[in-house]
Amino acid sequence: MILLLAIIYFCGARMGAQPINIPLETRNNALVLRVADNKDVNLIYYGKKLSEAAEYAGIPELYKQSGDYSGMLTSAYTPSGSRNLVEPAISVTHADGNNSLDLKYVSHQVSAVANGVSSLTVQLKDPVYDFEVTLFYKAYFNDDVIEQWSEIRHKEKGNVTLHKFASANLCLKADSYWLKQFHGDWAKEMQPEESRLTHGIKTLDTKLGTRANLFQPSVFMVSLGKPATEDEGTVMYGSLEWSGNFRIDLELDPQDNLRIIAGVNNYALDYSLVANEKFTTPPFLFTLSDKGKGDASRKIQRWARDYKILDGKGSRLTLLNNWESTYFDFNESKLSELFKDTKKLGVDLFLLDDGWFANKYPRNDDHAGLGDWQENKAKLPNGISSLVKEAQANGVKFGIWIEPEMVNPKSELYEKHPDWVVKQPKRDEFYFRNQLVLDLSNPKVQDFVFGVVDNLLTKNPDMAYIKWDCNAVIYNAYSAFQKNQSHFYIEYVRGLYNVLAKIRSKYPTVPMMLCSGGGGRVDYGALQYFTEFWPSDNTDPLERIFMQWEYSYFYPAITSSNHVTDWGKQPIKFRTDVAMMGKLGFDIVVSKLSGNDLQFCQNAIKNYNDVKPIIWHGDQYRLSDPATNSVASIMYVDEAKSTGIMFNYLVNYRYDAKSTFPIRLKGLEATKKYKLTEINLYPGSNSSLNANKTYSGDFLMKIGFNPDVNARRTSVVLKIEEAK
Ligand code: GLA
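Calculation notes
Residues numbered from 1 in each chain as written. Predicted model: local features only at pLDDT ≥ 70, side-chain atom pairs only at ≥ 80, totals over all residues. Heavy atoms only, no water. Phe/Tyr/Trp six-rings, centres within 6.5 Å; stacked < 30°, edge-to-face > 60°. Buried < 20%, exposed > 50% of the residue type's maximum accessible area, 1.4 Å probe, protein only. Lys NZ or Arg CZ within 6 Å of the ring centre and 35° of its normal. Helix = DSSP H or I, 4+ residues; strand = E, 2+ residues; numbered from the N terminus. Polar contact = N/O pair within 3.5 Å; in protein donor to acceptor, adjacent residues only side chain to side chain. Pairing = 2+ DSSP bridges. Axes fitted to C-alpha atoms, helices over the stretch in contact; angles between N-to-C directions. Salt bridge = Lys/Arg side-chain N within 4 Å of Asp/Glu carboxyl O. Near = heavy atom within 4 Å. Areas by Shrake-Rupley, 256 points an atom, 1.4 Å probe, with all protein chains shown as cover. Nonpolar A, V, L, I, M, F, W, Y, C, P; charged D, E, K, R; others polar. Contact = heavy atoms within 4.5 Å. Domains from an automatic or database assignment. Buried area = accessible area lost by both parts, 1.4 Å probe. Expected span 1.5 Å × (residues − 1). Bend = angle between axes of the 7 residues up to and from the residue.

Draft legend 1. Local environment of the packing of aromatic side chains. If you walk through the whole model with that rule in mind, you get 43 aromatic pairs. The interplanar angle of 90 degrees and the centroid separation of 5.2 Å between the aromatic rings of W323 and F328 together place this pair among those described as edge-to-face. Across the pair, F328 and W323 agree in class, each one buried. Put simply, the rings of Y140, W303, Y307, Y524, F533, Y551 and Y555 touch in pairs and so form one group of aromatic residues. Taking NZ or CZ as reference, K173 lies 5.2 Å from the ring centre of Y63, over its face. Sitting above the plane of the Y267 ring, K207 keeps its charged end 5.7 Å from the centroid.

Draft legend 2. Unusual backbone geometry, seen in detail. Within the chain, A358 stands out as a residue other than glycine whose phi angle is a positive 80 degrees. Mapped onto the elements of the fold, A358 is located in the loop between β23 (349–352) and α5 (383–393). Of note in this structure, D656 is not a glycine but carries a positive phi near 65 degrees. Structurally, the position occupied by D656 is in the loop between β34 (643–650) and β35 (673–679).

Draft legend 3. Looking closely at helix α9 (residues 541–551). Summarising burial for α9: eight of the eleven residues are buried, a large majority. Among the residues making up α9, those that are buried are P541, R544, I545, M547, Q548, W549, E550 and Y551. You can read the cap of α9 off the contacts: a side-chain oxygen lies 2.9 Å from the backbone nitrogen of L542, and it is on D540.

Draft legend 4. Up close: the sheet that holds strand β2 (residues 20–25). In space, the three strands of this open sheet follow the order β2-β3-β4, with antiparallel pairing throughout. A single partner strand is all that each edge strand has here, and the edge strands are β2 and β4 (41–48). In this sheet, neighbouring strand axes are inclined to one another by 20 degrees on average, regardless of whether the strands run parallel or antiparallel. In this sheet, β4 lies alongside strand β3 (residues 29–35) in antiparallel orientation, the contact comprising seven bridges. Among the inter-strand pairings, N29 is bridged to a residue of β4, identified as K48.

Draft legend 5. A look at the environment of K340. Take K340: it is sitting in helix α4 (residues 332–345). Between the alpha carbons of K340 and E390 there is a distance of 9.8 Å; along the sequence they are 50 residues apart.

Draft legend 6. Here's a closer look at the pattern of salt bridges. Taken as a whole and judged by the stated rule, the model has 49 salt bridges. Between E429 and K423 there is a salt bridge, with the nearest N and O atoms lying 3.8 Å from each other. Look at E429 and you get partly exposed, because its relative accessible area is 24%. Across the pair K573 and D577 runs a salt bridge whose closest N-O atoms are separated by 2.6 Å. Of this pair, K573 and D577 both sit in helix α10 (residues 572–579), four residues apart, roughly one helical turn.

Draft legend 7. Broad picture of the site of the ligand. Lining the immediate surroundings of the ligand are 13 residues, of which D353, D354, R433, K467 and D537 lie closest. D354 places a side-chain nitrogen or oxygen 2.6 Å from an oxygen atom of the ligand. The separation between an oxygen atom of the ligand and a polar side-chain atom of N471 is 3.3 Å. Coverage of the ligand by the protein chains reaches 95% of its 310 Å² of free accessible surface. Each residue belonging to the shell around the ligand can be placed in one class, and the counts come to four nonpolar, three polar and six charged.

Draft legend 8. Focus on the side chain of Q548. Tracing the chain through its elements places Q548 in helix α9. Apart from the residues lying within four places of it in its own chain, the contact partners of Q548 are S560, N562, V578 and M581.

Draft legend 9. Representation of the domain arrangement of the protein chain. By the assigned domains, the protein chain splits into domain 1 (2–308), domain 2 (319–609) and domain 3 (620–722). The C-alpha centroid of domain 2 is placed 35 Å from the C-alpha centroid of domain 1. Across the contact, 46 residues belong to domain 1 and 47 residues belong to domain 2. Carbon and sulfur atoms make up 61% of the area that domain 1 and domain 2 hide from each other, which totals about 3700 Å². Looking only at domain 1, the three residues that lose the most surface to domain 2 are T210, R211 and S243, adding up to 19% of its buried area. Here domain 1 and domain 2 share one salt bridge between them. Between K180 and E550 there is a salt bridge; the shortest N-O distance is 3.1 Å. Those elements that place two or more of their residues in the side of domain 1 that touches domain 2 are β12 (177–183), β15 (220–224), β16 (234–240), β19 (271–273) and α2 (292–308). Per-element accounting of the side of domain 1 that touches domain 2 gives the leading share, eight residues, to α2. Classifying every residue of the side of domain 1 that touches domain 2 by side-chain character gives 25 nonpolar, ten polar and eleven charged.

Draft legend 10. View of the side chain of N42. Along the chain, the position of N42 falls in strand β4. A distance of 3.4 Å separates a polar side-chain atom of N42 from the backbone nitrogen of S75.

Draft legend 11. Focus on the sheet that holds strand β5 (residues 90–93). The three strands are arranged β5-β10-β19 in an open sheet whose pairing can be described as antiparallel. Each edge of the open sheet carries a strand with a single partner, namely β5 and β19. The sheet shows a mean angle of 35 degrees between the axes of neighbouring strands, direction not considered. Examined bridge by bridge, strand β10 (residues 160–165) and β19 share three bridges and lie antiparallel to one another. Counted as the bridge partner of L162 is Y271 from β19.

Draft legend 12. Main features of helix α7 (residues 443–459). Between the first and last C-alpha of α7 there are 23 Å, a value that for 17 residues agrees with the 24 Å anticipated at 1.5 Å per step. Of all bends in α7, the biggest is about 30 degrees, found at G451. All buried positions along α7 are accounted for by V445, Q446, V449, F450, G451, V452, V453, D454, L456 and L457. The N-cap of α7, judged by a side-chain oxygen 2.9 Å from the amide nitrogen of K444 a few residues on, is N442.

Here it is as structure tokens:
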């Protein structure tokens, strides 16, 4: 394997009679491309790695599928307008007005990118037009993760219009395919649905522009043969690393192949490509496991921590947020009290939310002020700087909320720069949360948005955290800056990434939360710049058990900002225990907590500080699914398999619902002995569990452990420690 990664070779267009096979192997899997005699490049295999690479060549002849009339059903990047009969990956109009495209193999190259990371590039060219596509496959060996994207360019005399330009075009072969997809809305993010794919095309997409995931995220999974369970079955996970419109077509073709074509949504987007301009698509991320959904998750989670999310291996700050405790109604003296409460609670940082800015149109509710990022003089006469200092004097850090991509029509920004606003010149404005989106495709707007962050951080070098919100979708898509309106949606996201890249080159480490009126925006394109995201405004802990469960298929716990709030009917213990399965924060009125509730929280934060490295950096195992059981259970184990933490919750409140059977633990060392101690006990209550008993890993994984969850013990947190 190392050999494969270390060898850099180049294969020219000269070919003999034998087709060329190009295997891209990771620890467990192989993706194999074949260059046919006619120089078409097909994907002949994506599945478990074979011991002998030479044997990949024998795979295609064993498939006795019905005829492929075009000879290109399994194309590695399906062009349109020539022989193709199915959903294309790319479709263009050439400079001379012709709509046909064919793509033939020119060369390929395999190279080592870094330790454990290799890249395969495949050069394709139209035999008739001076038009080229390079396919990129970046393979992360240890995690079985591949990122695929394409680069498109031409040297035609005039512009070429790209009507479709996918990042990836995969092809799976199985008896049946089961799609697990997600949908949602505000406070209802990540609702799962799993169903068998039938012939034709199932499209997952969004056309919202910003807050693109509000109704549907790009994450999905496809099980082969039968729906995979947590520990069994073959399942592929996919996701587009893009914070704007995406489109994923899953096409069950006439030969029963599942063709997956994923990329930026071409809705309202015809891209006019100038000669020699490189058009690069965002990566489509995928992994495959034959050991079920749990293994696939752990691979993606590990990959994300190691390679993608900002500071994935680092630490995070616990915090007290004031959104739900004050909303827009605060002033310096109220905040002074909150700094004290932050310290009293024992968290690291105070996060000042919406409402701190704007003077001509003060931000006292969500109808005015967005865009005017100057401290509101009535609420904060001494400015943000004095707050940062005062927080520090109280022994806590200070963070701040911004929503820099947006503007209220009632704002000075709107008055000064109406041309910076996304809106149709001849039509009525239409609002989402009383606001409009700024035109980030305009470099001047990019500078303005960068300036919002830059000013805050330059004036306040000790500012320790930023919550970056995005509360509106794009209606009436139109840019006063763009000459070609059909570039708008892609230029918006490019503009956003320019700003984020600039922020990160100047401020590489300041933690930033990706928020979008809840979970309207989370993807691995954005998470390169953010340390964490806000899964939902819905913080009812019962809802969160389900939602965090679904997010956890794709995102590691270290990225999940979970706040204890007053949503839901559960006691503070339940709410805190649930929020601990990620990055813990609070958004409650600390001064109104009862003595016992406060003591519980203080103690839980101490426990959290003790176990958070396991939650953030350990392997996650989903043990008992809330969708099918009365008790939900999730555990995290450190790499050494010596310490773990297990969270258990009652999710069914009918008579006598409880943890009837022991719950099998996972990821332990069979030969090690463990003791399980209940932590986060509410003051005055005792555990019903025997903390002195030890169990072998073998026992805990084969028989399990009963956390004794029932109507009197609705939430039970267990610390698992190796007994030496
Ligand atoms: C969004 C966020 C909330 C809060 C408000 C402030 O709804 O999701 O957490 O920050 O905006 O207006």
